[in-house]
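Structure assessment
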Amino acid sequence: MDETLRIERSTKTLRTLALERMREAIMDFRFQPGERLVERPLCDQLGVSRSVVREVLRQLETEGLVEMIPGHGPAVAKPDLNRTDEIYELRALLEGIAARACAQSATDRQIAGLDAAFDGLLEAWASSDPVKVMRATTKFYEELFGAAGKHIAWEIVQGLNVRINQLRSMTIASTDRRSPAIAEMTAIMDAIRSRDPERAEAAARRHVEQAWHIAQNLLRSR
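Quick summary incoming for the structure in this document. (Residues numbered from 1 in each chain as written. Predicted model: local features only at pLDDT ≥ 70, side-chain atom pairs only at ≥ 80, totals over all residues. Heavy atoms only, no water.)

1. Let's talk about the packing of helix H2 (residues 39–46) against helix H3 (residues 50–62)
Let me state the cut-off plainly: Every axis in this analysis is a line fitted to C-alpha atoms, fitted for helices over the stretch in contact. Angles between the N-to-C directions lie between 0 and 180 degrees. Runs of E in the DSSP output that reach at least two residues are strands. Runs of H or I that reach at least four are helices, and both are numbered from the N terminus. Any angle from 65 to 115 degrees is called roughly perpendicular, while one under 35 is roughly parallel, one over 145 is roughly antiparallel, and all others are oblique. What makes two residues a contact is simply this: any of their non-hydrogen atoms within 4.5 Å.
Following both chains from N to C, one finds H2 and H3 inclined at 105 degrees, their axes separated by 9 Å at the closest point. In terms of orientation, H2 and H3 fall into the roughly perpendicular class. Every residue of H3 that contacts H2 at Glu39, Arg40, Leu42, Cys43 and Leu46 is listed here: Arg50, Val53, Arg54 and Leu57.

2. Structural notes on the pattern of salt bridges
What counts is decided by this rule: Counted as salt bridges are all cases of a side-chain nitrogen of Lys or Arg within 4 Å of a carboxyl oxygen of Asp or Glu. Classification of residues uses two cut-offs on accessible area relative to the type maximum, computed with a 1.4 Å probe and protein chains only: under 20% is buried, over 50% is exposed, and between them is partly exposed.
The full count for this structure, using the stated rule, is 15 salt bridges. Salt-bridge contacts for Arg195 lead to Asp108; the nearest nitrogen and oxygen are separated by 3.2 Å. Residue Arg195 is found in the loop between helix H8 (178–193) and helix H9 (197–220), and its partner Asp108 is found in helix H5 (residues 108–127); the two are separated by 87 residues along the sequence. Assessed through its relative accessible area of 33%, Arg195 is described here as partly exposed. Residue Asp108 is classed as exposed on the basis of its relative accessible area of 62%. We note a salt bridge from Asp190 to Arg193, for which the minimum N-O separation is 2.9 Å. With a gap of 3 residues between them, Asp190 and Arg193 both fall in helix H8, about one helical turn apart. Taking the relative accessible area as the measure of exposure, Asp190 reaches 33% and is therefore partly exposed. When its relative accessible area of 36% is taken as the criterion, Arg193 is described as partly exposed.

Purely geometric numbers; function is a separate question.
Below, the structure is given as structure tokens:
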């Protein structure tokens, strides 16, 4: 029996812990897109009751990570190409706006914080651990939107983060993505440090467009 999903007791509720663990497992592709999620094995793996598993699966369905298959029950959702296009369109728009605003108006202290987050992202890429890369990427963008003063835009991104990270985990794990991604992110940082709004926005949009292209190819090949 796979006990790597088993949760430890803490101040968090069992439902919250189980939800976090399942969400991470789907992001890490320990459950493949289209794979059925059977309640009894999940109860054993997580060490929780069937009612908790059902609540978790319902929540993951609302997040778009799980879908109900008629006659088969819950399964890991397969990313939809049309919805994926819309998500990347929003990402390109919002991240471009944030990069432009950051280059225009961020304080030196805010840019220093962004630099620190970028260093953390480089360390994560060097570790070759996709989970660390995703977490460091989320941290970088949190700093970027904060330094840009685009708090509502960040709230929108946070609402999409679960789906964004599902797609991001695909592109991060793709062959030879590391070097181009680092170069693209470096271009964003260079433009922000140079206080060049147009170049910062263009670099941010280019980074999203490259990831978008990879995601499209991966989804079409499945």
